[in-house]
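Reading the structure
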Amino acid sequence: MAEGGRMPSYVKLTKDQEQSPIEEIKPGELNQPIQVPQLAVRKCHECRQALPESYAPPTDEPWTTGIFGCAEDTNSCWTGLFCPCVLFGRNVERLREDTPWTTPCICHAIFVEGGIALATATAVFHGINPGTSFLICEGLLFTWWMCGIYTGLARQALQKKYHLKNSPCDPCLVHCCMHWCALCQEHREMKGRLSDDVVMPMTIVNPPPAQEMKTDEDGDHATSSANGGQAHTNLEMHAL
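Keep in mind the model is a prediction, meaning the values are calculated, not measured. (Residues numbered from 1 in each chain as written. Predicted model: local features only at pLDDT ≥ 70, side-chain atom pairs only at ≥ 80, totals over all residues. Heavy atoms only, no water.)

**Section: the packing of helix 3 (residues 84-95) against helix 4 (residues 102-126)**
Running from N to C, helix 3 and helix 4 point in directions that differ by 145°, and their axes come no closer than 8 Å. Pair helix 3 / helix 4 crosses with right-handed handedness. On the side of helix 3, the interface is formed by Pro 84, Cys 85, Val 86, Phe 88, Gly 89 and Val 92, while helix 4 contributes Pro 104, Cys 105, His 108, Ala 109 and Glu 113. Its residues assigned to classes, the contact of helix 3 with helix 4 shows eight nonpolar, two polar and one charged. (Axes fitted to C-alpha atoms, helices over the stretch in contact; angles between N-to-C directions. Helix = DSSP H or I, 4+ residues; strand = E, 2+ residues; numbered from the N terminus. Left-handed = near helix turned anticlockwise from the far one by under 90°. Contact = heavy atoms within 4.5 Å. Nonpolar A, V, L, I, M, F, W, Y, C, P; charged D, E, K, R; others polar.)

See the structure below:
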């Protein structure tokens, strides 16, 4: 018996509905995900944030200086020629603020300067013969190849950060063939794009003198007082 004395109402099936086969529902069929067009948006590969429909990825820009423009910055040119490990460490430090310049400098010194020093020591102590020559060349090629990959990854990160195109070819191949020129080019590129070395003029603004508002009971005149060598202006307020 339903509440309030009302008889429950039932739906009477027709003959065709009674004879129709019952549709079987498979387990999990009702829990399938629904595709919502409003939620299907493009996301940034770096931060995974939604991008607007009018967003267009930035095009690759050319380098501000050429690969053979080492003479444009004499300081980086001399540093890259005699101490390439130091110049590479400074470049990585500017590119990644959380990495000190000493870490990439030591890694570069192990690959390049260490390989050259080891080859020179082998030639001095064992002489130049076919056996040692093959060993020296094999060691130099291995260290130079490792250095090209390591420094090429840093150049690739620089190109990704500033959307620079491959100039003149792949970053690793550039460092394998023109290592010193590539280091100087990267230093000039970051030096021109970063404003750390630029001293901006500062404008000093002095605050106005402090002012006091004082109302005399008689309303006749306003008095001025000096506190600490500075004059304060007292204003008189009259009721209208």
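The structure having been displayed, the exposition proceeds.
**Here we look at the packing of aromatic side chains**
This structure, assessed with the given rule, holds four aromatic pairs. Where Phe 142 meets Trp 145, the ring centres are 6.4 Å apart and the plane angle is 45°; that geometry is what we call tilted. Taken together, the positions of Phe 142 and Trp 145, both in helix 5 (residues 130-162) and three residues apart, correspond to about one turn of that helix. (Phe/Tyr/Trp six-rings, centres within 6.5 Å; stacked < 30°, edge-to-face > 60°.)

**Digging into the side chain of Thr 151**
Structurally, Thr 151 can be placed in helix 5. A distance of 3.3 Å separates polar atoms of two side chains, one belonging to Thr 151 and the other to His 175. (Polar contact = N/O pair within 3.5 Å; in protein donor to acceptor, adjacent residues only side chain to side chain.)

**Some thoughts on the environment of Leu 141**
Looking at the element boundaries, Leu 141 is found in helix 5. Given a relative accessible area of 62%, Leu 141 falls into the exposed group. Placed 26 residues apart in sequence, Leu 141 and Gly 115 show a C-alpha to C-alpha distance of 9.2 Å. (Buried < 20%, exposed > 50% of the residue type's maximum accessible area, 1.4 Å probe, protein only.)

**Thoughts on helix 2 (residues 74-82)**
Every α-helix winds through 3.6 residues per turn, so residues three or four apart in the chain are directed the same way. Where helix 2 is concerned, the buried positions are Ser 76, Thr 79 and Gly 80. Projection of helix 2 onto a plane perpendicular to its axis shows the buried side chains occupying an angular sector of 95°, all on one side. Those residues of helix 2 that are exposed and aimed more than 90 degrees away from the buried face are Trp 78 and Phe 82. (Arc of directions from axis to C-beta.)

**Details of the nonpolar core**
Of all hydrophobic cores here, the largest spans seven residues; its members are Cys 70, Leu 87, Phe 88, Val 92, Ala 154, Leu 183 and Cys 184. Elements represented by at least two residues in this core include exactly helix 3 and helix 7 (179-193). Among the elements that take part in this core, helix 3 stands out by supplying three residues, more than any other. Not counting residues up to four positions away in its chain, the partners in contact with Leu 183 are Pro 84, Leu 87, Phe 88, Asn 91, His 108 and His 175. Core analysis: the second largest hydrophobic core is formed by six residues, Trp 63, Leu 158, Tyr 162 and Met 190 among them. (Core = buried A, V, L, I, M, F, W, Y, C linked by side-chain atoms within 4.5 Å.)

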